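Inside the fold
Here are the chains, one letter per residue:
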Amino acid sequence: MRWFYRCPTCGAEYEMEPDRYLCSSCAPKTLPDRPLEGVLECAWAGVWEGDSRSVPLPVEPEWFPPVPVGDTPLWAPERLRADTGFKGLWIKDDTCQPTGSFKDRASFLVAAYARKKGIREIALASTGNAASSMAGIGAAAGLKITVFLPKAAPVAKRIQVLQYGAELKTVDGTYDKAFDESLAYTKATGTLSRNTAYNPLTIEGKKTVSFEILSDLAARGAPAPDHVFVPVGDGVILAGVYKGFEDLVRLGRLSKVPVVWACQAKGSSAIARALSAGGFGDPEPSATIADSISVDVPRNGTLALAKLTKYGGRAVVVTDEEILSAQRTLASGTGLFAEPSSSAAAAGFLKVKGELDPSSTVVLLVTGSGLKDVKSAAHGLGIS
Ligand SMILES: *Cc1c(COP(=O)(O)O)cnc(C)c1O
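Right, let's walk through the structure included here. The shown structure was predicted, so the numbers you read here are calculated from the model rather than taken from an experiment.

Another point: the overall build of the chain. Of the regular secondary structure elements, the chain holds 13 helices and 13 strands. In summary, the chain has a C-alpha radius of gyration of 19 Å against a globular reference of 21 Å for 384 residues, a match within 12%. Once the C-alpha set of the chain is aligned to its principal axes, its extents read approximately 55 × 50 × 40 Å. Counting only residues that meet the buried cut, the chain has 59% of its 384 residues in that class. Considering only intrachain contacts with a sequence separation of at least 6, the fraction spanning at least 24 residues in the chain is 71%. Carbon and sulfur atoms make up 54% of the accessible area of the chain, which amounts to about 14,600 Å² in all. In the chain, which carries 42 positive and 41 negative side-chain charges, the distance between the mean positions of the two groups comes to 1 Å.

The structure is reproduced here in structure tokens:
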């Protein structure tokens, strides 16, 4: 089996090398204020020999950091099932990841790759969770982590970064500025970038969730998912979820890719707008309480839009009020306290459930712990 990178836009293939991030022919076509062009995907040729639960990954398990990422619980929210009438409703709970968010799936694979290649330092820009995740997984792996974080990031995520012993560079500006500063740093120092979408392993690492969803459902005697609700900012989780389902179809374990719902906040809905307009327009400044999905220009917008279009994915836009209300519904109705961004997936489901067959199998992807941003939750409760 041979692993390589492929450009989903032009089909160009590249060796997997630490300094290879984007497609050389498509990346220069990136326009100002538009998503990255030439985001690469991991691809493999040959036959995957693993068993029926295994996930084909481009880094061998011997390099995995010693920290239990993935295999998060998939469980049945009985009371929410009763309240909504959806007997096949499931929660995939990634608040249980070591650092409290889904981002650990990407950090894990990037850290494994760094170890394999003998790279000692990883740098990244983040709105919060990618930073706290890379810091934590990097600590387990014994890597130096340098983080570029906008000043406005929630305090818990900043404290996590420091607690895990990473180097924190606070950026007086937006995530976009942090992104540029981190790239200048990785270029100058020769460190590995874990910038989301930019490093193809961030998408590949996230695909593991789809493998788990399928095998967890099968273990419970439930059918494959019909609908998966995913909170979307940059669109990397979305692309990872699709990549996993594509692999599963290729491996013959799944007959078709489910309907994936891209759940976005009204104040940060570039991908939803692009899906209805058929392309990306001028960015609108993002403004939402859901900080982890708050982006002006979604870095992985181009690939996310291509996947949604190819597989008949849908978008649903929810207001901050709907997000905070879904956050309370989820917490008080299931026992799961999720951060606002991941509550957007629940909000999306609650908003469109009338359009769905109540007998269908529905998975809500819950991506981050509510304890990461108690200020927003307090706001939702009306006590701040
Ligand atoms: C990063 C993040 C998202 C959004 O992921 P994208 O890849 O940016 O779309 C959703 N929820 C949580 C908790 C996150 O940290």
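Bringing the site of the ligand into the picture now. Close to the ligand lie 16 residues; Lys103, Asn129, Gly233, Gly235 and Thr367 are nearest. Taking Gly235, its main chain carries an N or O atom lying 2.8 Å from an oxygen atom of the ligand. One nitrogen or oxygen atom from the main chain of Val236 is found 2.9 Å from an oxygen atom belonging to the ligand. Burial of the ligand by the protein amounts to 98% of the accessible area it has alone, namely 380 Å².

Cut-offs used in this document
- Residues numbered from 1 in each chain as written.
- Predicted model: local features only at pLDDT ≥ 70, side-chain atom pairs only at ≥ 80, totals over all residues.
- Heavy atoms only, no water.
- Helix = DSSP H or I, 4+ residues; strand = E, 2+ residues; numbered from the N terminus.
- Rg over C-alpha atoms; globule rule 2.2 N^0.38 Å.
- Buried < 20%, exposed > 50% of the residue type's maximum accessible area, 1.4 Å probe, protein only.
- Contact = heavy atoms within 4.5 Å.
- Areas by Shrake-Rupley, 256 points an atom, 1.4 Å probe, with all protein chains shown as cover.
- Lys, Arg positive; Asp, Glu negative; His and termini not counted.
- Charge placed at Lys NZ, Arg CZ, Asp CG, Glu CD.
- Near = heavy atom within 4 Å.
- Polar contact = N/O pair within 3.5 Å; in protein donor to acceptor, adjacent residues only side chain to side chain.

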